[in-house]
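As a plain string of letters, each chain reads:
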Amino acid sequence: MMTAQKNRGRRVVAAAALAMLSLGVTSCGAINEQATTFQYAASDGIVLNVGDVEVRNLMLVTKSATDEARLLGSLVNSTDAAQKLEVTLASGSVSIDVPAKSVVSLEKTENAKTVPSTGVLPGALAQATLSIGSGSDEVRIPVIDGTLEEYREYVPGGFDPKSLEHLTPSEKPAAH
């Protein structure tokens, strides 16, 4: 026959086992930061602020390390004063006027800006300096090509579909 003492002991052991199981299952969240709390650029370009200008999704599109490259992204100026962003790479620099209280989208034809080359292959990061007035930031800008269809129209000199032939799987030989 089971006594109250034995029954209480079993309850204590069961409660302790349940507590240890709960701790084991949930402890990952207790010692690791939640991934959803990290802020990051959820696109192909970089995001940063230079002076009073917000630089959003900045990237370079080119055919190769030595071909001309086009800047893509948006520049946001929420201030009452016009700003001028200078983007400098080893191959040269480009200035972009950002009027007061405006957004300059570099994808638009009228805002197109190019540099002579990136010096790195598509898929790599080009070292650059972004400056406004006396303030500057050293950054690494992603360099992409026309592999992704959404960027093909921006490749300086046009996109050549033959540049993707190496990505097409070859046919399997017939079975014997």
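Structural data are supplied above this passage.
Remember, predicted model here, so these are calculated numbers, not experimental data.

Draft legend 1. Examining the overall build of the protein more closely. Looking only at helices and strands, the protein features one helix and nine strands. The buried share of the protein, reckoned over its 176 residues, is 30%. Long-range pairs, those at least 24 residues apart, make up 51% of the contacts in the protein between residues at least 6 apart in sequence. Element-wise, carbon and sulfur atoms account for 54% of the exposed surface of the protein, whose accessible area totals about 11700 Å².

Draft legend 2. Spotlight on the pattern of salt bridges. Applying the stated criterion across every chain, the model contains three salt bridges. In this structure, Glu 54 and Arg 56 form a salt bridge, with 3.4 Å as the shortest nitrogen-oxygen distance. Look at Glu 54 and you get partly exposed, because its relative accessible area is 27%. With a relative accessible area of 27%, Arg 56 lands in the partly exposed category.

Draft legend 3. Fine view of the environment of Val 50. Relative to the helices and strands, Val 50 is located in strand S1 (residues 46-50). For Val 50, a relative accessible area of 1% puts it in the buried group. Linking Val 50 and Leu 75, residues 25 residues apart in sequence, is a C-alpha distance of 9.8 Å. Beyond its immediate stretch of four places on either side in the chain, Val 50 contacts Val 55, Leu 85, Leu 130, Ser 131, Ile 132 and Asp 137.

Draft legend 4. Fine view of the pairing of strand S8 (residues 125-132). Here S8 lies mainly inside the structure; six of its eight residues are buried. Here strand S4 (residues 83-89) runs beside S8; their pairing, made up of three bridges, is antiparallel. Within the sheet, the bridge partner assigned to Glu 86 lies in S8 and is Ser 131. Note that S8 and strand S9 (residues 135-144) share eight bridges and pair antiparallel. Looking across to S9, one finds that Ala 126 is bridged to Ile 141. Count of turn residues in the S8/S9 antiparallel hairpin: two residues, of which Gly 133 carries a positive phi of about 60°.

Draft legend 5. Representation of the nonpolar core. The biggest cluster of nonpolar side chains holds 26 residues, and the ones touching the most others in it are Leu 60 and Val 87. Sorting the residues of this core by element identifies S1, strand S2 (53-62), strand S3 (69-77), S4, strand S5 (92-98), S8 and S9 as the ones contributing at least two each. Once residues within four sequence positions are removed from consideration, Val 87 is found in contact with Leu 71, Gly 92, Ser 93, Val 94, Ile 96, Thr 129, Leu 130 and Ile 141. If you look at the next biggest cluster of nonpolar residues, it comprises seven residues, including Met 59, Val 61, Leu 72 and Val 155.

What counts and how
Residues numbered from 1 in each chain as written. Predicted model: local features only at pLDDT ≥ 70, side-chain atom pairs only at ≥ 80, totals over all residues. Heavy atoms only, no water. Helix = DSSP H or I, 4+ residues; strand = E, 2+ residues; numbered from the N terminus. Buried < 20%, exposed > 50% of the residue type's maximum accessible area, 1.4 Å probe, protein only. Contact = heavy atoms within 4.5 Å. Areas by Shrake-Rupley, 256 points an atom, 1.4 Å probe, with all protein chains shown as cover. Salt bridge = Lys/Arg side-chain N within 4 Å of Asp/Glu carboxyl O. Pairing = 2+ DSSP bridges. Core = buried A, V, L, I, M, F, W, Y, C linked by side-chain atoms within 4.5 Å.

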